[in-house]
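# Chains, contacts and geometry: an overview
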Amino acid sequence: MRKKQKIKSKRKYKTERRKIKSKRRKSKRRKSKSKRKSRLQNMLGGFPGDPILLIDDNSLSYIIRLLDNSKEVCGYFKDIDGKLQIDGLTYEGENDNCRHYRGYQKYMWHIHPKGSKYYLSTKDIINVLNHENWIYSYVFTIYGYWILYYDDKCEYNPLLGKKSCVELGICEELIEEINNEFYFSSGNGRVYNKAGIDKYIDLINNLQPCLYLRWYDY
Ligand SMILES: [Zn+2]
């Protein structure tokens, strides 16, 4: 009798060990999969970390109406239940220029009004690169909007071949080259050109590891 019990408990012990082992294996697998995903995202120019937040309908139509002004307007967004709502804005001329009066925060926006170039200025990109926090810069134009995102703490694999323009100190000249190309492919930066936009995104995404650009048509 005692012998039988012993065998039984031994068997139980074994199956339990097996369960623990397979659990461990599963969690290991999950970990390496997510690591692989973030690397793949970096390689493809996807956004790692936080999800991309879209804009609340009322805020978006408010900003689109601002595009008719010739003045630049800039402001902040706040995250309300996963959608971005306007959280303060400044008109050009009110404070010297269109100024981000509360400094650099996570969600910033500004407009490129009707008649101006709809791609990003060199300064738009350099400003995002120069700030240490995670920043999402939304730029509204007459055709759609850009989201430029920089995560200065993101991990990247240098073996993937992405060069760092910050480390090389050549961001400004590279951006100017990319912008010049877009200027000519988009009727002086004023005519909608989807192929041009796609190429522009590709070039900006390859400028600096962890810097990402997206475009949304209205
Ligand atoms: Zn701008």
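Let me begin by describing the structure that accompanies this report. (Residues numbered from 1 in each chain as written. Predicted model: local features only at pLDDT ≥ 70, side-chain atom pairs only at ≥ 80, totals over all residues.)

### Quick look at the nonpolar core
With 40 residues, the main nonpolar core has Tyr138, Val139, Phe140, Trp146 and Leu148 as its most contacted residues. The biggest single contributor to this core is strand β5 (residues 144–150), with six residues. When sequence neighbours within four positions are dropped, the list of residues in contact with Leu148 reads Leu120, Asp124, Ile125, Val128, Ser137, Val139 and Leu213. (Core = buried A, V, L, I, M, F, W, Y, C linked by C-beta atoms within 7 Å. Buried ≥ 20, exposed ≤ 12 C-beta atoms within 10 Å, placed from the backbone. Helix = DSSP H or I, 4+ residues; strand = E, 2+ residues; numbered from the N terminus. Contact = placed C-beta atoms within 7 Å.)

### Quick word on the environment of Ser121
Mapped onto the elements of the fold, Ser121 is located in the loop between β3 (107–111) and α3 (122–129). On the basis of neighbour counts, which here come to 14 C-beta atoms within 10 Å, the residue Ser121 falls in the partly exposed class. Measuring from C-alpha to C-alpha, the distance between Ser121 and Glu176 comes to 8.6 Å, with 55 residues separating the pair along the chain.

### A closer look at the sheet that holds β5
The strand order β2-β1-β3-β4-β5-β6 describes an open sheet built from six strands, whose pairing is mixed. On the outer flanks of this sheet lie β2 (83–91) and β6 (211–217), each paired with one strand and no other. Averaged over all pairs of adjacent strands, the angle between their axes in this sheet comes to 25 degrees, without regard to strand direction. The sheet contact formed by strand β4 (residues 135–140) and β5 spans six bridges and is antiparallel. (Pairing = 2+ DSSP bridges. Axes fitted to C-alpha atoms, helices over the stretch in contact; angles between N-to-C directions.)

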